[in-house]
Amino acid sequence: MTPSASSSSDPGGTPARELFGSKWGFVLAAVGSAVGLGNMWRFSYVAAEGGGAAFVFLYIIMIGLLGIPLMLCELTVGRRTHLSPIGALRALGGKGWVPLGFLFVTAGFLILSYYSVIAGWTLRYTVEAATVGFAADPGAHFGEIAAGGTAIMWHLIFMVLTIGIVMIGVQKGIEKAATILMPTLALIVVGLAVWAFTLPGAGAGYAFYLQPDFGDLFDRTTIRQAVAQAFFSLSLGMGAMLTFASYLSRDTDLNQEAATISFADFFVAFAAGLVVFPVIFALGLQDSVTASTVGALFISLPGAFLEMGGAGRLVGFLFFLALAVGALTSAISLLEVVTASIIDELGMTRARAAIGVGILIAAVGILSALSTDLLGLIDQIAGDLFLVMGALGMSIFVGWAMKDDPSAELRRGAGPTFARFIPGVVFLIRFVLPPVIGIVLIFSIQDAWGAITSFLAGG
Ligand code: PFF
């Protein structure tokens, strides 16, 4: 793991762009971006709503069919140009594609604004588990802390941590943090899954999670959510992977990286399910998850940990710590997309860009810290609709619009194992992604519209 030269000589890239110090640094940072609240908080309640195993099955298909090809679109454009999204799209596609870059930056901005509020809850639960233990009535406790003054405080603490790491930069900040935090998270989640296996009554949780009811496979909402969840979880559709790949040197096999990142992300989501469902079913708390509120995980799991006494408190501490760690490495990538764009477009220093935009995001996030309904709505608009729009734009761009042949960049550095998949991937990018994501986009628009009108009507 020796640091490579920290500059690039690409025509589009800035002359002294900082690069990841090692191949593993990039992979861990990208896995860090992918693995986060989406794997545990969002995956568990969306899977519960979508009928458990049927959703998981669809989700795996969507990762292979749409997720990995889309990730390759982003990695190709990022590494080819060594630029952040707006500049990269301009360099390869001309001015007409700049609005897509703005959509990416807006999505990153809005997602981080509410993501940080949820991460703030997570931090709070971690600290509470360590100091006073879980509250006696988890539902009431969540109601008290989810919105209002203390939610704002923990949201701001989390934003300060995120801004701090992004300010430090790619190698010393993002790469270092991911290298320490990601293995920690994986160990904790696997340890918890093993522990959950020992719980009496866990079987019902596995049955719900792993036995598909194929009737749900054709449900329009389940399909939309499986696609949107794949994008959200893999950090796709808003240029996060593109931005990270812009710090990547030429000699890596993008295909292998995409496979590794996707596998790791799925592994953690799946393992988190192996913790969440047995624990919830062992204690008969399934109703609080299927109620599908943004708070499901924060109500049901503390309730479960509470009933398990002293061991539950330790396990709960570890669970929320893992969640907070995952949230932090994902938040870093969300802020990095916006920060890198400001650095590249406006020529600002990294520290100024990160602090300036971080403060703005923190300010907008206060709205989500005041209302969980608003938080849920912004999640549906930015974390679902915008990502699907961004994904559609990206697949059309790489498949049909950009001036370079995507397979050329995919071949660069590719070993024989993955090289043979390249023609198939390019076929998917051109002919499968645009129509399939296009249909999902129609569903997403309809559902987002429904959510907006019901929000405006007061719930
Ligand atoms: N992938 C992250 C998660 O699963 O929690 C969330 C996320 C990060 C989404 C970065 C999008 C993104 F660009």
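Residues numbered from 1 in each chain as written. Predicted model: local features only at pLDDT ≥ 70, side-chain atom pairs only at ≥ 80, totals over all residues. Heavy atoms only, no water.

A. Broad picture of helix α20 (residues 422-456). The largest bend along α20 reaches roughly 45 degrees and is located at Val432, with the proline Pro434 sitting one to four residues downstream. Gly458 sits one or two residues past α20 and shows a positive phi near 90 degrees. (Bend = angle between axes of the 7 residues up to and from the residue. Helix = DSSP H or I, 4+ residues; strand = E, 2+ residues; numbered from the N terminus.)

B. Region of the structure containing the packing of aromatic side chains. Under the counting rule described, the total for this entry stands at 29 aromatic pairs. Centre to centre, the rings of Phe319 and Phe320 are 5.4 Å apart; their planes meet at 90 degrees, and the pair counts as edge-to-face. We classify Phe319 as buried; its relative accessible area is 2%. Note on Phe320: relative accessible area 0%, which makes it buried. Here a set of aromatic residues connected by ring pairs shows up, and it is made of Phe43, Phe55, Tyr59, Phe208, Tyr209, Phe266, Phe270, Phe277 and Phe281. (Phe/Tyr/Trp six-rings, centres within 6.5 Å; stacked < 30°, edge-to-face > 60°. Buried < 20%, exposed > 50% of the residue type's maximum accessible area, 1.4 Å probe, protein only.)

C. The arrangement of the side chain of Thr122 in detail. Tracing the sequence through the fold places Thr122 in helix α5 (residues 98-131). Separated by 2.9 Å, the side chain of Thr122 and the backbone oxygen of Ile118 make a polar contact. Beyond its immediate stretch of four places on either side in the chain, Thr122 contacts Leu37, Phe298, Phe320, Leu323 and Ala324. (Polar contact = N/O pair within 3.5 Å; in protein donor to acceptor, adjacent residues only side chain to side chain. Contact = heavy atoms within 4.5 Å.)

D. Region of interest: the nonpolar core. With 172 residues, the main nonpolar core has Trp121, Phe231, Phe298 and Phe319 as its most contacted residues. If one sorts the elements of this core by residue count, α5 sits on top with 18 residues. Each residue touching Phe319, except ones within four places of it in the same chain, is listed here: Met40, Ile188, Leu192, Val275, Val276, Leu297, Leu301 and Phe305. (Core = buried A, V, L, I, M, F, W, Y, C linked by side-chain atoms within 4.5 Å.)

E. Main features of helix α10 (residues 220-233). Spanning 14 residues, α10 covers 20 Å between terminal C-alpha atoms, matching the ideal 20 Å at 1.5 Å per step. When α10 is considered as a whole, its buried residues turn out to be Thr222, Arg224, Gln225, Ala226, Val227, Ala228, Gln229, Ala230, Phe231, Phe232 and Ser233. Here α10 starts with a cap whose side-chain oxygen sits 3.3 Å from the backbone nitrogen of Thr221, and that cap is Asp219. Two residues or fewer after α10 comes Ser235, characterised by a positive phi angle close to 55 degrees. (Expected span 1.5 Å × (residues − 1).)

F. Representation of the environment of Glu336 in the model. Structurally, the position occupied by Glu336 is in helix α15 (residues 309-346). A sequence separation of 152 residues divides Glu336 from Thr184, and the C-alpha atoms of the two residues are 22 Å apart. Excluding anything up to four places from it in sequence, Glu336 contacts Val166, Ile174, Thr243, Phe244, Tyr247, Ser341 and Arg350. Only 2.4 Å separates the side chain of Glu336 from the side chain of Tyr247, close enough to count as a polar contact.

G. Focus on the environment of Ser22. Structurally, Ser22 is set in the segment before α1 (23-34). Among the residues examined, Ser22 registers a relative accessible area of 12% and is labelled buried. Sequence separation between Ser22 and Asp253 is 231 residues; the distance between their C-alpha atoms is 13 Å.

H. Focus on the site of the ligand. Taken together, 15 residues surround the ligand, and among them Ala34, Gly38, Tyr115, Phe232 and Met238 come closest. Separating an oxygen atom of the ligand from a backbone N or O atom of Gly38 is a distance of 2.7 Å. The separation between a nitrogen atom of the ligand and a polar main-chain atom of Phe232 is 2.8 Å. The protein chains hide 100% of the 340 Å² of surface that the ligand would expose on its own. (Near = heavy atom within 4 Å. Areas by Shrake-Rupley, 256 points an atom, 1.4 Å probe, with all protein chains shown as cover.)

I. Local environment of the pattern of salt bridges. Scanning the entire structure with this criterion turns up 13 salt bridges. In this structure, a network of salt bridges that share partners links the residues Arg79, Arg250, Glu409 and Arg412. (Salt bridge = Lys/Arg side-chain N within 4 Å of Asp/Glu carboxyl O.)

J. Here's a closer look at the packing of helix α8 (residues 170-197) against α15. As a packed pair, α8 and α15 sit with axes 9 Å apart at the nearest point and diverge in direction by 145 degrees. At the point where α8 passes α15, the crossing takes the left-handed sense. Where α8 abuts α15, its residues Ile174, Ala177, Ala178, Leu181, Met182, Leu185, Ile188, Val189, Leu192 and Trp195 lie against Val315, Leu318, Phe319, Leu321, Ala322, Val325, Gly326, Leu328, Thr329, Ile332 and Glu336. (Axes fitted to C-alpha atoms, helices over the stretch in contact; angles between N-to-C directions. Left-handed = near helix turned anticlockwise from the far one by under 90°.)

K. Summary view of unusual backbone geometry. Even without being a glycine, His82 presents a positive backbone phi close to 50 degrees. Take His82: it is sitting in the loop between α3 (53-81) and α4 (85-93). Residue His82 is classed as buried on the basis of its relative accessible area of 2%. Of note, the phi angle at Ser235 is positive, near 55 degrees, even though the residue is not glycine.

L. Region of interest: a nonpolar patch on the surface. On the surface, a cluster of nonpolar side chains totalling about 330 Å² of accessible area is made up of Phe57, Ile61, Leu65 and Phe214. Considering the arrangement of structural elements, one finds Ile61 in helix α3. (Patch = residues over 30% accessible without salt bridge, like charges linked within 9 Å, V, L, I, M, F, W, Y side chains within 5 Å.)

M. Broad picture of the environment of Phe305. Relative to the helices and strands, Phe305 is located in helix α14 (residues 296-307). Overall, Phe305 belongs to the buried group, its relative accessible area being 1%. Separated by 61 residues in the primary sequence, Phe305 and Ile366 have C-alpha atoms spaced 29 Å apart. If near-sequence neighbours (up to four positions away) are discounted, Phe305 is found in contact with Phe134, Trp195, Gly312, Arg313, Val315, Gly316, Phe319 and Phe320.

N. The confidence of the model for the chain, seen in detail. Confidence in the prediction of the chain, expressed as mean pLDDT, is 90, and 95% of residues score 70 or more. Across residues 1-15, confidence stays below pLDDT 50; counting only partners more than four residues off in sequence or on other chains, it has 31 contacts. (pLDDT = per-residue confidence, 0-100.)

O. Molecular detail of the side chain of Thr76. Residue position: Thr76 is located in helix α3. In contact with Thr76, not counting residues within four places along its chain, are Leu254, Pro406, Glu409 and Leu410.

P. Layout of the packing of α5 against helix α16 (residues 350-370). Taken N-terminus to C-terminus, the directions of α5 and α16 make an angle of 60 degrees; their axes are 8 Å apart at the nearest point. As judged from the angle between their axes, α5 and α16 are oblique. Judged by the sense of rotation from one axis to the other, the crossing of α5 with α16 is right-handed. Across the interface between the two elements, Phe109, Leu112, Ser113, Tyr114 and Val117 of α5 pack against Val357, Leu360, Ile361, Val364, Gly365, Ser368 and Ala369 of α16. In the contact of α5 with α16, the residues fall into 9 nonpolar, 3 polar and no charged. (Parallel < 35°, antiparallel > 145°, perpendicular 65-115°, else oblique. Nonpolar A, V, L, I, M, F, W, Y, C, P; charged D, E, K, R; others polar.)

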